[in-house]
Amino acid sequence: MSMTRATTELDRLHCIDDKEFDIPQVDTPPTLESILNEPEDEEEPFILEDTCLLNTENIDAHSCETSSLASSDSGDRTHLKRKTVELSTTVHGSVLRHSILKGISAQIVSAAVNLNQALRLCLGSTATGAEYGAVSALSINHDCTRLLCGFAKGHITMWDLANGKLLRTITDAHPPGTAILHVKFTDDPTLAVCNDSGGSVFELAFRRLMGMRTCESRCLFSGSKGEVCNVEPLLTAPDLKDHPITQYSLLAMASLTKILVIGLKPSLKVWMTFPYGKTDPTSVPQLAWQFVPVQKVVNPVLAFCRGDTVHFLLVKKDETGTIHVIKQRQLQLNCDIISLNWINSRTLVVMDSGEKLRVVDRPSQEELESLDVAEVQLVYNSSHFKSLATGGNVSQALALVGEKACYQSVCSYTGQMVLLGTKSAHILTLRNWRERVDCLLKQERFVEALSLAWSFHEGTAKAVLGLFGDPAKRKGVVADKMIEILFQYVERSVKKCPEHGKIQIMEQHFQDMVPVMVDYCLQLQRTDLLFNQLYTRLVENCVARGVFLESLEPYIVSERLGCVTAPVMRDLLTHLQDNNMMDSVENCLIHLDITSLDIQQVVQMCWDNQLYDAMIYVFNRGMNDYITPMEVVMGNKLLVYISCSLAGRAYPLGDIPEDLVSQVKNQVFEFLIRLHSAEAGQEEELYPYIRTLVHFDTPEFLNVLALTLEDFKNDKQALEYQQRIVDILLKVMVENSDFTPSQVGCLFTFLARQLAKPDNTLFVNRKLFDQVLEFLCSPDDDTRHTERQQVLLELLQVGGVIQFDEGRLLGLAEKAEFYQICEFLYEQNHLYDKILDCYLRDPLRKEEIFNYIHNLLSMPGYSSEEKHCVWEKALLHIAELVTLDPAKSADLVAMHFPEEVRPIITRLQDDHLVFQFLRCLLDQREGPHPQPLLRLSPDLHELHIGLLCRFTPRQLTDFLKASQDYRLEEAVQITEQYQVHEATSYLLEKKGDSHGAFQVLLKVCVSPPVLKELTMKVLNSMSSFIPLPAIIQRILQDPVYGKGKLAEIQGLILGMLETFNYEQTLLETTTSLLNHDLHWSLSHLRAAVSRGLHPRQDHCNICLQQYRRRQDSPDDIIIFSCGHLYHCQCLQRKGSGHAEPRLLQVWSCYKCISSQRGRGGDRVTTETGRGRSTSLAQVSQ
């Protein structure tokens, strides 16, 4: 294969990413002898550090596809085709051009044709074919002077292509009876290699001594060590003949299990082996060499595969002369590959078993095109791999691979691929870039043509051919082509626009075209072409004109289009205004260059439609006027505009020119502190602008002012303005009752924050803070109580506490019932016990007192004295706490006051309050082992029992069952005192007095229905423990039922009999099932024991003597279920038997036990039935 194109285009090819080749070097390769002696099933690890899988396919559905016809070799091959999932992504156009050569008569055995497809030579004859068989392999040397032919019956011939003369007939180069699968020249014209159907590879050395042409053969690989089915020598172009790798004459061989790379010169040496791993046995191994430029250095790369994964090996020689074989990232395809070829240094062409060609860009691993070549009717080499001409003496594995072998029917040379069909030869060539674009244009796929052309323009296209020169020149050539396509696209769209129908259909027609046209004009930076030529053509159609104008908005907003010609701008504004698209008008105006606008038209439109953003933009950018917009714009927009102007940013986007920043700031400040507006009336109050902004949104205006204080710390004039604004704010807000407490609080919170900063420059009279304090804490004003408290709290939290007298502040807060303010002050002074009073007095936060007490007593950071004060204060108010929430109080007592339970109960004078407290304290907590909150003494439990009897007697029995800490005698007395009979009965039964408990229940059951129900329950319960006849006999002996009252207990007796029948049926069924299972187990065990055993050999596995030949003594024969046979005496000598109770002898298989010990088994089972080595049959001879 020629490397001329690869070397001449090094400068214009994009360098492959260094990471692709940055892979650790291969260790020292093994010798040929070690490879030959390697077992075929050995698998070596092969791990790639930079693995990139290609799992998507890129298919061009319009790229010279052909109908699917079955190819043939010796029968229908449709069973070889697989269905694959095809996913469409980026379209690369038609990459390959398909040409068909003129047909050659099928009777001609071999022929050579010139470039004009005229028959040039006819080599051999029908007699040659009858003697040698069919041609199975061909190879032409690098200067096209010699042709090697391999035949199905194993012969090899050499021909002179200059005159058609037969030079050599080789019959003894390889073992007879095998077909030639491959015969190939190397770079050395006197050296070739061949591969036969026996899987062997031979070196052919051609010599000419004393006028005699000879051929010496040397075996490179023996088929007995693993059958080779493909060989590929590294061929070098003439311009790379001095490459340092060429001196080694590399040869790649693909066997059924591995890849080998060997060097034929100066001596035979193995450089690399690579096992396939687990692959489909029907997959065909493929090999392909190619010189690839990497960082302006050309080195050979071997591509190989078997199945769907293509691997790459880079071979290079470093400065020290060491040869390195470097693994590169692999290529994963979703198909079974039957042919693999390089078409240039960056592009691979593979064919799958469905006869579909896939063009793949190797650096990006992207599929460029998929082409169905089923109509070629590809010739397969199956008959040669099966060696049918010599009797079919090949292995089954090689014959299976041969089903898909087409090595001699697909080849590549100088950027072309040749496919051999049954009726014609086909050539596939890479198209140049212009041809690929034109192919799409012929199909009127303009959008795809533009996309492909743009990829050529940007240098991102794959398999590029025909673009030369420096990048600027290439871009110019492609740009001219794109402009030509744009004109064609516009003309075609205008002509094919539907003349009648719905307007939506016409709009959709142009919406598919216009954005594409605009986008590519902007990418090519040809706005002149867009507005002066293409727009002029579209104006003729009113629908196209509207779609074009509306499509400009996203490009203007994204600032890809900053300047529009005056006629187009006028049409744009008119169209948007006529269609009431004023938001679009404003979006466009604030992003366009001001010089392209008609100021008068735009200002009038903005005033009429209240487009304030656009109006501000026009005044600022067009007239350098930053004040007029503030006189007419109000609301949040004005606050944002003031903030941007003071910060040096333009509104709504961009920045103010640096030379105007200071001037604009001063103008804004002067505007804010004006006494009156320009058109002020007599009733207008002072400082109307500040007053209006504060009324509108006080927090936001103060935030804007705070930002300016941060930005202008070193600007003396700006600081003076700020002090002036603060004075005006105090005058306006403090002396005016129109402002709410929140607004006044916001002002003083803002001032407190500024005054608390170390670099503060503002001055505020402290009396004003006292005045605000009086205002917020006014006890006569009950309105907005929460709001006033929150405002004052925020003021204190930002540092305002230093502005007040704490004693006076605390007094005012208590009068105003500002308990959060009191808490804040107490916490500042570490008076944590007084904070409890704040929580108890605050109706909104009473529930939070429990968390506060718990956190303070539990968390570190507080002194023991502080915690003790809080502890005593909580104990003092315990009655209030229990009244507030008994459950939380019980949690608090259990955790922090466990020793104070009795005093606490004493303080709780209300019995119902004590009951609630004890119930929560003794309540069972959820969990795997429910426990009460706290363990109490028995007398407290008995106190709780008494309270339960008084308040919730129905819950008493559940408590008695759950608790175990009360005394039975005292509990019985309490329940008897309050006449809770059910609880008394439970306690007597627990005490062991069942008769007494039953008597208590009988006293309760005074009504006949209740007594009858109780009697039924008792008798039914008795039937589970006392025989049924005894129960019935006892009932009949009763004098009450001896007088004819059996009808009263008829239902009871029938129920007992029914229960008896059910239990009897259940017992019988269970017994039957158990007996059936026992019978099944015994029968299977008996069958296993009585089954005959078949020995593997007819001799003892210890003494190795046949048991039939030993007649000297009547010895017993022991056969195990594993098939091993022994003499009884031999096993006894080896100690493989031992006696057990009830058994004469228990044997173990000596051989199985030994093998288990050899594998490191620590335990060897000898129990019968645990392993097959212990199951045996003992037979007497």
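Since the model is a prediction, treat every value here as computed from it, not as a measurement.

(A) Local environment of the overall build of the chain. When its secondary structure is counted, the chain shows 44 helices and 32 strands. Scored against the burial criterion, the 1181 residues of the chain give a buried share of 47%. A separation of at least 24 residues holds for 59% of the contacts in the chain among residues at least 6 apart in sequence. In the form shown here, the chain has an accessible surface area of approximately 60,200 Å², with 51% of it arising from carbon and sulfur atoms.

(B) Representation of the side chain of Thr984. Residue position: Thr984 is located in helix 38 (residues 981–991). A distance of 2.9 Å separates a polar atom in the side chain of Thr984 from the backbone oxygen of Val980. Apart from residues lying up to four places away in sequence, Thr984 is in contact with Thr975, Glu976 and Val1000.

(C) Examining the sheet that holds strand 11 (residues 212–221) more closely. The four strands are arranged 8-9-10-11 in an open sheet whose pairing can be described as antiparallel. The open sheet has two edge strands with one neighbour each: strand 8 (180–185) and strand 11. Strand-to-strand twist across the sheet, computed as the mean angle between neighbouring axes with direction ignored, equals 25°.

(D) A look at the packing of helix 27 (residues 819–828) against helix 28 (residues 832–841). Where helix 27 contacts helix 28, the two axes come as close as 9 Å, and the packing angle between them is 170°. Judged on the interaxial angle alone, helix 28 and helix 27 are roughly antiparallel. Counting all contacts with helix 27, which are made through Tyr819, Cys822, Glu823, Tyr826 and Glu827, the residues of helix 28 involved are Tyr832, Lys834, Ile835, Cys838, Tyr839 and Arg841. Residues belonging to the contact of helix 27 with helix 28 are distributed by class as follows: seven nonpolar, no polar and four charged.

(E) Molecular detail of helix 13 (residues 566–578). Compared with the 18 Å implied by 1.5 Å per residue over 13 residues, the 18 Å span of helix 13 between its first and last C-alpha is a close match. For helix 13, the full list of buried residues reads Val568, Met569, Leu572, Leu573, His575 and Leu576. Burial along helix 13 is one-sided: seen end-on, the buried residues are contained in an arc of 165°.

(F) Region of interest: the packing of aromatic side chains. Applying the stated criterion across every chain yields a total of 18 aromatic pairs. The interplanar angle of 65° and the centroid separation of 6.5 Å between the aromatic rings of Trp454 and Tyr520 together place this pair among those described as edge-to-face. Highlighted residues: Trp454 in helix 7 (residues 446–458) and Tyr520 in helix 10 (residues 514–523), separated in sequence by 66 residues. We note that Trp454, like Tyr520, is buried. Each residue in the set Phe531, Tyr535 and Phe548 is aromatic and connected to the rest through ring pairs, giving one cluster. The residue whose ring lies beneath Arg362 is Phe312, and the NZ or CZ to ring-centre distance is 4.4 Å. Over the face of the ring belonging to Tyr839 we find Arg845, whose NZ or CZ atom lies 4.6 Å from the ring centre.

Rules behind the numbers
Residues numbered from 1 in each chain as written. Predicted model: local features only at pLDDT ≥ 70, side-chain atom pairs only at ≥ 80, totals over all residues. Heavy atoms only, no water. Helix = DSSP H or I, 4+ residues; strand = E, 2+ residues; numbered from the N terminus. Buried < 20%, exposed > 50% of the residue type's maximum accessible area, 1.4 Å probe, protein only. Contact = heavy atoms within 4.5 Å. Areas by Shrake-Rupley, 256 points an atom, 1.4 Å probe, with all protein chains shown as cover. Polar contact = N/O pair within 3.5 Å; in protein donor to acceptor, adjacent residues only side chain to side chain. Pairing = 2+ DSSP bridges. Axes fitted to C-alpha atoms, helices over the stretch in contact; angles between N-to-C directions. Parallel < 35°, antiparallel > 145°, perpendicular 65-115°, else oblique. Nonpolar A, V, L, I, M, F, W, Y, C, P; charged D, E, K, R; others polar. Expected span 1.5 Å × (residues − 1). Arc of directions from axis to C-beta. Phe/Tyr/Trp six-rings, centres within 6.5 Å; stacked < 30°, edge-to-face > 60°. Lys NZ or Arg CZ within 6 Å of the ring centre and 35° of its normal.

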